[in-house]
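# A closer look at the structure
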Amino acid sequence: LSPSAGLDTLLYTVPAASTIIAKLHIANRGSVTDTVRVAKRVAGAADDVSQYRVYDWPLAARDFHELTIVAEATDVVYVRSAQGSTTFTLEGLLRS
């Protein structure tokens, strides 16, 4: 997913009665540093600073980072790229 610049964007919603253990790959495709955010909102909760894994974290041009995400049923993962130059990919094991 490559979100538009400056917009919190839904990346994934964990299905009911499921758990996911996943890697989130974050890659800045751009030629300048981007600032990224990743939030795991428990049970789809409203946006709150306590739910962020990274907040306004600088990611250098053409660099990448990985995070491990463990999420339960109805949790949601939101991402944001200040420049719109970063791609977020979530892959892992879904247990029902």
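Refer to the preceding data block for the structure.
Read on for a plain summary of the structure.

Calculation criteria
- Residues numbered from 1 in each chain as written.
- Predicted model: local features only at pLDDT ≥ 70, side-chain atom pairs only at ≥ 80, totals over all residues.
- Heavy atoms only, no water.
- Pairing = 2+ DSSP bridges.
- Helix = DSSP H or I, 4+ residues; strand = E, 2+ residues; numbered from the N terminus.
- Axes fitted to C-alpha atoms, helices over the stretch in contact; angles between N-to-C directions.
- Core = buried A, V, L, I, M, F, W, Y, C linked by side-chain atoms within 4.5 Å.
- Buried < 20%, exposed > 50% of the residue type's maximum accessible area, 1.4 Å probe, protein only.
- Contact = heavy atoms within 4.5 Å.

## Re the sheet that holds strand S6 (residues 76-81)
The strands that make up a sheet are held in pairs by hydrogen bonds between backbone atoms, and each pair lies either parallel or antiparallel. The antiparallel open sheet is built from four strands, whose spatial order is S1-S6-S3-S4. Every interior strand has two partners, whereas the edge strands, strand S1 (9-13) and strand S4 (52-59), have only one. Ignoring which end each strand starts from, the neighbouring axes of this sheet average 15° apart. Pairing of S1 with S6 involves four bridges; the strand directions are antiparallel. From the neighbouring strand, Thr13 faces S6, where its bridge partner is Val76.

## Topic: the nonpolar core
Ranked by internal contacts, the top residues of the largest apolar core, which has 16 residues, are Leu11, Leu24, Ile26, Val38, Leu67, Ile69 and Phe88. Those elements that place two or more of their residues in this core are strand S2 (19-28), strand S3 (34-41), S4, strand S5 (64-72) and S6. Looking at which element gives the most residues to this core, the answer is S2, with four residues. Contacts of Leu11, omitting those with residues within four sequence positions, involve Leu1, Leu24, Val77, Tyr78, Val79, Phe88 and Leu90.

## Let's talk about the side chain of Arg41
On the secondary structure map, Arg41 appears in strand S3. If sequence neighbours within four positions are ignored, Arg41 has contacts with Asp8, Ala46, Asp47, Gln51, Tyr52, Asp75, Val76 and Tyr78.

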